Amino acid sequence: MIDSLKLVIDTIIAREVLDSRGNPTVEAEVLLGTGISGRAIVPSGASTGAHEAHELRDGGTKYFGRGVTKAVANIETRIAPALCGLSALDQMNIDSAMAKIDNTDDKSSLGANAILAVSLATARAAANSVGLPLYRYLGGPMANLLPVPLMNVINGGAHASNNLDFQEFMIVPHGAQTFREALQMGAEVFHTLKDILTSRTLSTSVGDEGGFAPNLNSNDEVAKILIESIEKAGYTPGTQIALALDVASTEFYKDNHYCVGKEKYSSFDMITQLENLVKNYPIVSIEDGLAEDDWEGWKLLTNRLGKEIQLVGDDLFVTNSKRLLKGIREGVANSILIKVNQIGSLTETLDAIELANRASYSSVISHRSGETEDTIIADLAVASRAGQIKTGSLSRSERIAKYNQLLRIEDELGNQARYAGTTGLFNFRV
Ligand SMILES: O=C(O)[C@@H](CO)OP(=O)(O)O
Ligand SMILES: [Mg+2]
């Protein structure tokens, strides 16, 4: 039997490290009495939602390049003294102890970045102590479902300096038998896309999430070039590889209008635009098609497209069970994007996934545009059986680290592994 007394937290260390954009972020290390430890680094967003938990940056409001020394100091002076002596197995106690010290709705006193770093490092320390891989520790014996990757191969919006207003154009290799095969399919399309862009003297420089950031004139042009890449790589668009979008429309929502290029669309016009895209291309999922507080628009969007495709709330729900519950009650969206740092603790993240499950909303486990070498979301995707992960493209190591971790997990699971694509996840569109 595990003697939980031995799993007490002895020391917590925190430090400022850099994320993939070269901005400071928080790393925490939780050391147990046994000498076993766990470490975690928190990611950081660019197109952040207004309702996200507060990322504490030095000098007040968030600004890239500002340090996180206050968040680091909060871990060492306010969190560590309260957690030392608690068992790392009691994740709920750990997370609620930090919530109590913080005592705000948005974690602005300690900083969501401070709380999350310790929360995740604690889970790692506990998993290491009981000798289980993290996905198994978090998910138990049913943690065997490898997610379908939503791979962001063309970047726009706040993640790139090109002229595309929509933020992410993704390929979804759901028609594979294994995760390894899906990853290979995605990589082949990515390289084919690069060749096509080069042949048309379009830029192959990449955005924050590793997708290409060419200047293309319209969303139709992007969709067409993606279809061409899929076909040229030898796959069938739709049945084998579908498309997905993150519109990130909050970013261009000004004075009750969606400002796309020279156009100013109402919610109704935006929905019509999205419907046309869905009609013309094998799109299976649209994230943040409307802005974070456009609840009425979202209801209409869900009525119009919710039976046909996945409608994912990112800025809309911010991994927050309260906002998700409002969405469920009002018939808004049918899926939630899960980002650990939007809510700021592991237990609240798991709560949001559970609530989504109960309401038959799907969950997409997601990275941030500012990422690190930390691969915890790969384990979380398998542990939660979410069946989908959004973790960028195939040209930057902080994104590939997650894909490589999923390859390891699939190998480790051997014949117990299942690829979520084989469960018919997206077959409704083909
Ligand atoms: O909008 C998003 O879904 C994310 C991740 O792709 O971007 P950011 O981390 O900048 O919010
Ligand atoms: Mg998003």
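None of the values given here were measured: they were computed from a predicted structure.

Examining the overall build of the protein chain
Along its length, the protein chain carries 13 helices and 17 strands. Taking 22 Å as the expected radius of gyration for a compact globule of 430 residues, we find that the protein chain reaches 21 Å, a close match to that expectation. Counting only C-alpha atoms, the protein chain reaches 60 × 50 × 45 Å along its principal axes. Here the protein chain, with 430 residues, has 59% of them falling under the buried criterion. A separation threshold of at least 6 residues defines the contact pool for the protein chain, and within that pool the share at least 24 residues apart is 70%.

Points about the domain arrangement of the protein chain
Here the protein chain is partitioned into domain 1 (4-131) and domain 2 (145-419). Spacing between the C-alpha centres of domain 1 and domain 2 amounts to 27 Å. Contacts between domain 1 and domain 2 engage 32 residues on the former and 31 residues on the latter. A buried area of about 2500 Å², summed over both sides, lies between domain 1 and domain 2, and 52% of it is on carbon and sulfur atoms. Of all residues in domain 1, the largest losses of buried area upon contact with domain 2 belong to S20, S47 and H51, amounting jointly to 25% of the total for that side. The tally of links between domain 1 and domain 2 comes to four salt bridges. Between D208 and R21 there is a salt bridge whose closest N-O contact spans 2.6 Å.

Remarks on the packing of helix 12 (residues 376-384) against helix 13 (residues 397-413)
Contact geometry of helix 12 with helix 13 gives a least axis separation of 8 Å together with a crossing angle of 45°. If you check the angle between helix 12 and helix 13, you find them oblique. The crossing of helix 12 and helix 13 is right-handed. Only K402, Q405, L406, I409 and L413 of helix 13 make contact with helix 12, whose side of the interface consists of I377, A378, D379 and V382. Among the residues forming the contact of helix 12 with helix 13, the class breakdown is six nonpolar, one polar and two charged.

Focus on the pattern of salt bridges
All chains considered together, the criterion is met by 22 salt bridges. Between D374 and R124 there is a salt bridge, with the nearest N and O atoms lying 3.1 Å from each other. Of this pair, D374 sits in the loop between strand 15 (362-366) and helix 12 while R124 sits in helix 3 (residues 112-130); the two residues are 250 residues apart in sequence, bridging distant segments of the chain. Since its relative accessible area comes to 17%, R124 is described here as buried. Linking E330 and K326 is a salt bridge whose minimum nitrogen-to-oxygen distance equals 3.1 Å. In this pair, E330 and K326 both sit in helix 9 (residues 321-330), four residues apart, roughly one turn of the helix. Judged by its relative accessible area of 30%, E330 falls in the partly exposed class.

A few points about the UniProt feature "active site" (unreviewed entry) in the protein chain
The positions UniProt marks with the feature "active site" (unreviewed entry) are E209 and K339. Following the sequence through the fold, E209 ends up in the loop between helix 5 (179-199) and helix 6 (219-232). Note on E209: relative accessible area 2%, which makes it buried. There is a polar contact of 2.7 Å between the side chain of E209 and the side chain of N152. When you line up the elements, K339 lands in the loop between strand 14 (335-338) and helix 10 (340-343). Look at K339 and you get buried, because its relative accessible area is 5%.

Focus on the sheet that holds strand 11 (residues 263-265)
Taking strand neighbours across the sheet as the criterion, the three strands line up as 9-10-11 in an open arrangement whose pairing is antiparallel. Taken across any chain shown, the strands that pair with only one partner, and hence form the sheet edges, are strand 9 (253-254) and strand 11. Its contacts with the sheet put helix 7 (residues 267-280) on strand 10 (257-260) and strand 11, and the angle it makes with strand 11 is roughly 105°.

Things to note about the site of ligand 1
Taken together, 16 residues lie around ligand 1, and A46, E168, E209, S369 and K390 are the ones closest in. Between ligand 1 and E168 there is a distance of 2.7 Å, counted from an oxygen atom to a side-chain nitrogen or oxygen. Between ligand 1 and the protein, one listed contact pairs an oxygen atom with a side-chain N or O atom of R368 at 2.8 Å. With the chains in place, 99% of the 310 Å² that ligand 1 exposes on its own is no longer accessible. Formed jointly, the shell around ligand 1 draws a minimum of three residues from each of two domains, domain 1 (4-131) and domain 2 (145-419).

Looking at the packing of aromatic side chains
For the structure on display, the rule yields six aromatic pairs. Pairing F190 with F212 gives two aromatic rings, centres 4.6 Å apart and planes at 10°, and the pair type is stacked. Of this pair, F190 sits in helix 5 while F212 sits in the loop between helix 5 and helix 6, and the two are 22 residues apart along the sequence. Both residues of the pair, F190 and F212, count as buried. Their ring planes at 75° and their centres at 6.4 Å tell us that F252 and Y258 sit as a pair that is edge-to-face. The buried category is assigned to F252, whose relative accessible area is 7%. Judged by its relative accessible area of 0%, Y258 falls in the buried class. Among the aromatic residues, those joined into a cluster by ring pairs are F166, F169, F252, Y253 and Y258. When the ring centre of W295 is taken as reference, the NZ or CZ atom of K326 above it lies at 4.6 Å.

What counts and how
- Residues numbered from 1 in each chain as written.
- Chains lettered and ligands numbered in written order.
- Predicted model: local features only at pLDDT ≥ 70, side-chain atom pairs only at ≥ 80, totals over all residues.
- Heavy atoms only, no water.
- Helix = DSSP H or I, 4+ residues; strand = E, 2+ residues; numbered from the N terminus.
- Rg over C-alpha atoms; globule rule 2.2 N^0.38 Å.
- Buried < 20%, exposed > 50% of the residue type's maximum accessible area, 1.4 Å probe, protein only.
- Contact = heavy atoms within 4.5 Å.
- Domains from an automatic or database assignment.
- Buried area = accessible area lost by both parts, 1.4 Å probe.
- Salt bridge = Lys/Arg side-chain N within 4 Å of Asp/Glu carboxyl O.
- Axes fitted to C-alpha atoms, helices over the stretch in contact; angles between N-to-C directions.
- Parallel < 35°, antiparallel > 145°, perpendicular 65-115°, else oblique.
- Left-handed = near helix turned anticlockwise from the far one by under 90°.
- Nonpolar A, V, L, I, M, F, W, Y, C, P; charged D, E, K, R; others polar.
- UniProt positions renumbered as here; feature names shortened; annotations may be inferred.
- Polar contact = N/O pair within 3.5 Å; in protein donor to acceptor, adjacent residues only side chain to side chain.
- Pairing = 2+ DSSP bridges.
- Near = heavy atom within 4 Å.
- Areas by Shrake-Rupley, 256 points an atom, 1.4 Å probe, with all protein chains shown as cover.
- Phe/Tyr/Trp six-rings, centres within 6.5 Å; stacked < 30°, edge-to-face > 60°.
- Lys NZ or Arg CZ within 6 Å of the ring centre and 35° of its normal.

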